[in-house]
Amino acid sequence: MANHDLILGQNHSSLPLGKNQQLVLGHNYNMGLGQNHEHNLGLGPNHDHELDLGHDHDHELGLVQSHEDEGEDGHGYDDENGLAMDQKPEHEGHELDIQVQNHELTLTESNELSVSEHHILDADMRLSVDHNQDMGIDSAQDLSVQEPQLALTPVVQQRTLVASPNYELTVGQEFPDVKSCRRALRDTAIALHFEMQTIKSDKTRFTAKCAGEGCPWRIHAAKLPGVPTFTIRTIHEAHTCGGIHHLGHQQASVQWVANTVEQRLHENPNYKPKEILEEIHRVHGIALSYKQAWRGKERIMAAMRGSFEEGYRLLPQYCDQVKRTNPGSIASVYANPADGCFQRLFISFQASIFGFLNACRPLLGLDRTFLKSKYLGTLLFATGFDGDGALFPVAFGVVDEENDENWMWFLSELHNLLEMNTENMPRLTILSDRQKGIVDGVEANFPTAFHGFCMRHLSDSFRKEFNNTMLVNLLWEAAHALTVIEFEAKVLEIEEISQDAAYWIRRIPPRLWATAYFEGTRFGHLTANIVESLNSWILEASGLPIIQMMECIRRQLMTWFNERRETSMQWTSILVPTAERRVAEALERARTYQVLRANEAEFEVISHEGTNIVDIRNRCCLCRGWQLYGLPCAHAVASLLFCRQNVHRFTESCFTVATYRKTYSQTIHPIPDKSMWKELSEGDPNAKTIEVVINPPKSLRPPGRPRKKRVRAEDRGHAKRVVHCSRCNQTGHFRTTCAAPI
């Protein structure tokens, strides 16, 4: 080693060592061989040697017992493997003794290092001495280490953690205020693995002691006059408690958890409580409960996004901002008159209203999802479909609970919205799970609408009842069948497999779900599975405070409108991509068909499938494909080609690129941060003074883990099917699980 100085700490002052004298090292005092230090340890025959110590103290070099970090006053490791500073040496003699229990190292006058009967120090000290080796002093060097090699490495804690040098408390140390002082002491106690008990804490003083039984460590801090600054006045004694010997910690509070993970949550709001637990255990060696981690995260998230309670309180101002930034939008909130608790919220943006009424198909799907926030509730949807088949959300409602009354209210608001924006409201086709509240609401508010079952809900109920993939597939084929003959053929196939399944299907009127019987126009849409389609982001939003949830939805809509608008500008076709593909497929099949013309509008088309009659004036075909999908079927395309007509001119306008661009021609505008609402409202002469106070609903999240699978409305209260064993003729189990002796 070069320049073999023995350096202890900083601000090294001289210390002669006498005979049989010890030096005890405290926390953060390292023994090493440094360079360019004026203070060195010389062990020559003249014995005029000095030993330098840091912090201008005279200390002994010794090894004492205990196994925890030093006290915050910096006076010593109370550690059975530690180094502590606690006494002043006497300046006599020429020997440096190092002792730990029965281990003894001696530097004699002849400058040799002799080792007693036990040659190796405690393992945790990482101080090792090779056998039959000595330490010599070279005349050209201050300290030359030949053999053996003496090495001191940092003490390894029980939790495999090394305390940071920043966690050092000294008399005179200052903090901006009492909170900063308490926080620093708490962080030090956690880092150095001792628990602290507060004796006094007020605006002018703070006194605490070590919580270890009989430990004399104590600290006192006080406020400086005229300023909020706190300073450490006294630190008494070193720790003798040995620290804590468990993985918990009194000072590891929820607020400490929040402060610890705050930066990580700013970077990644989806940081899970389980990941917080793992990181705190890995970094700090503390095992917390899941609830502590969850509450710590919630505290930071509340500071970032606002609390759940604040969300309800600010709803009137939020609705005002929606209408101010997006003129023509509908945003209204309702509270229970008796107690002011939240009941209902309805929001629909002007861009969505315009796009649906002027460019979308007259088709609406109704669905809902249950909120996972602190106060629960239900989010209701009314969603259309654009020309390319993508979901086009029209309106949103949030209610305190899903019931018939709230569905009636939501559909009433939706009717008023559509009626207010058009003189001739289109005759709608509505798809839902047809629970009683929705059926009554549709009949009351849209009496002329065609109301059909959403096939996703229907097939899920069917699958739960029979759990047979082949039967489920046949059910979907029956639903897609365009003619009554095809439909009945599929039902007969189901009956051959299971008469119970066929009976289950026939109990539901086919006019409510089967394409062959349905009177409205669904354009090929059999489902309104809005939640499943929005699943990737709507589930995340459903756990946020109500305003944050609505903002998440608004931002998603704003992004969709912009992306789809820009994408459509790149299209050079007449029809949207999905319609272009269907027409291209029809053209391919139509080239093999034989066409006979009856008059200028009526045609007979012969193919391997049979004969179909096409009327291009009324845009209908006997196969019903043209009427149901809004695009010419293969038979219609063959007829149009026969009379040299442009096929694209005979499609519904909603499938054209021009109409699609009109769908997304309006913009959903951003809403400013809540900190600016008051200022913006004061500057708006049309703004109304809002004095309504909305309290959170009374419904709270029930205990236990939330269910992940949605409960279908038609399954509620439905009697479970009794299964029958074909082996033993008993009920309650299947043949495959039968254990009865035969």
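Residues numbered from 1 in each chain as written. Predicted model: local features only at pLDDT ≥ 70, side-chain atom pairs only at ≥ 80, totals over all residues. Heavy atoms only, no water.

Asker: Got a minute to help me understand the overall build of the protein chain in this structure?
Answerer: Helices and strands together make up the secondary structure of the protein chain, namely 21 helices and 25 strands. By residue count, 47% of the 742 residues in the protein chain fall in the buried class. Across the protein chain, every contact between residues at least 6 apart in sequence was considered, and the portion connecting residues at least 24 apart equals 64%. (Helix = DSSP H or I, 4+ residues; strand = E, 2+ residues; numbered from the N terminus. Buried < 20%, exposed > 50% of the residue type's maximum accessible area, 1.4 Å probe, protein only. Contact = heavy atoms within 4.5 Å.)

Asker: Sorry if this is basic, but what is going on with the packing of helix H2 (residues 254-267) against helix H4 (residues 290-305) here?
Answerer: Their axes nearest at 8 Å, the elements H2 and H4 cross at an angle of 60 degrees. Here H2 lies oblique to H4, going by the angle between them. Regarding H2 and H4, the two cross each other, and that crossing is right-handed. On H4, the residues touching Val-254, Gln-255, Val-257, Ala-258, Glu-262, Leu-265 and His-266 of H2 are Gln-292, Ala-293, Arg-295, Gly-296, Lys-297, Arg-299, Ile-300, Met-301 and Met-304. Here the contact of H2 with H4 is built from residues that sort into 8 nonpolar, 4 polar and 4 charged. (Axes fitted to C-alpha atoms, helices over the stretch in contact; angles between N-to-C directions. Parallel < 35°, antiparallel > 145°, perpendicular 65-115°, else oblique. Left-handed = near helix turned anticlockwise from the far one by under 90°. Nonpolar A, V, L, I, M, F, W, Y, C, P; charged D, E, K, R; others polar.)

Asker: What is the right way to read the pairing of strand E23 (residues 602-607) from this model?
Answerer: The side chains of a regular strand alternate between both faces of the sheet. Across the two faces of E23 the burial differs, with Phe-603, Val-605 and Ser-607 buried and Glu-602, Glu-604 and Ile-606 not buried at all. Alignment of strand E22 (residues 594-597) against E23, held across 4 bridges, turns out to be antiparallel. The partner of Gln-594 across the bridge, within E23, is Ile-606. As paired strands, E23 and strand E24 (residues 610-615) are joined by 6 bridges and run antiparallel to one another. Within the sheet, the bridge partner assigned to Phe-603 lies in E24 and is Val-614. Where E23 folds back onto E24 in an antiparallel hairpin, the turn is made up of 2 residues. (Pairing = 2+ DSSP bridges.)

Asker: Help me out: how do you make sense of the packing of aromatic side chains in this one?
Answerer: What describes a pair of aromatic rings is the distance from one ring centre to the other and the angle between the planes of the rings. In total, this model carries 22 aromatic pairs according to the counting rule given. Plain terms: the ring middles of Tyr-312 and Phe-342 are 5.2 Å apart, the flat faces sit at 50 degrees to each other, and that makes the pair tilted. Residue Tyr-312 is located in helix H5 (residues 308-313), and its partner Phe-342 is located in strand E16 (residues 342-348); the two are separated by 30 residues in the primary sequence. The residues Tyr-312 and Phe-342 share a single accessibility class, namely buried. Seen from their ring centres, Phe-346 and Phe-410 are 5.7 Å apart, and the 55 degrees between their planes marks the pair as tilted. Of the two residues, Phe-346 is situated in strand E16 and Phe-410 in helix H8 (residues 404-421); the sequence distance between them amounts to 64 residues. Phe-410 shares its class with Phe-346; the two are buried. An aromatic cluster is built from Tyr-334, Phe-346, Trp-407, Trp-409 and Phe-410, whose rings are joined through pairwise contacts. (Phe/Tyr/Trp six-rings, centres within 6.5 Å; stacked < 30°, edge-to-face > 60°.)

Asker: When you look at the sheet that holds strand E25 (residues 620-621) in this model, what are you seeing that I'm missing?
Answerer: The strands making up a sheet are joined through hydrogen bonds of the backbone, oriented either antiparallel or parallel. In spatial order, the strands read E22-E23-E24-E25; together these 4 strands make up an open sheet with antiparallel pairing. Either end of the sheet is taken by a strand with one partner, and the two such strands are E22 and E25. Looking at chain direction, E24 and E25 are connected through 2 bridges and run antiparallel. Paired with Asp-615 across the strands is Cys-620, a residue of E25. Running at roughly 120 degrees to E23, helix H19 (residues 634-642) makes contact with E22, E23, E24 and E25 of the sheet.

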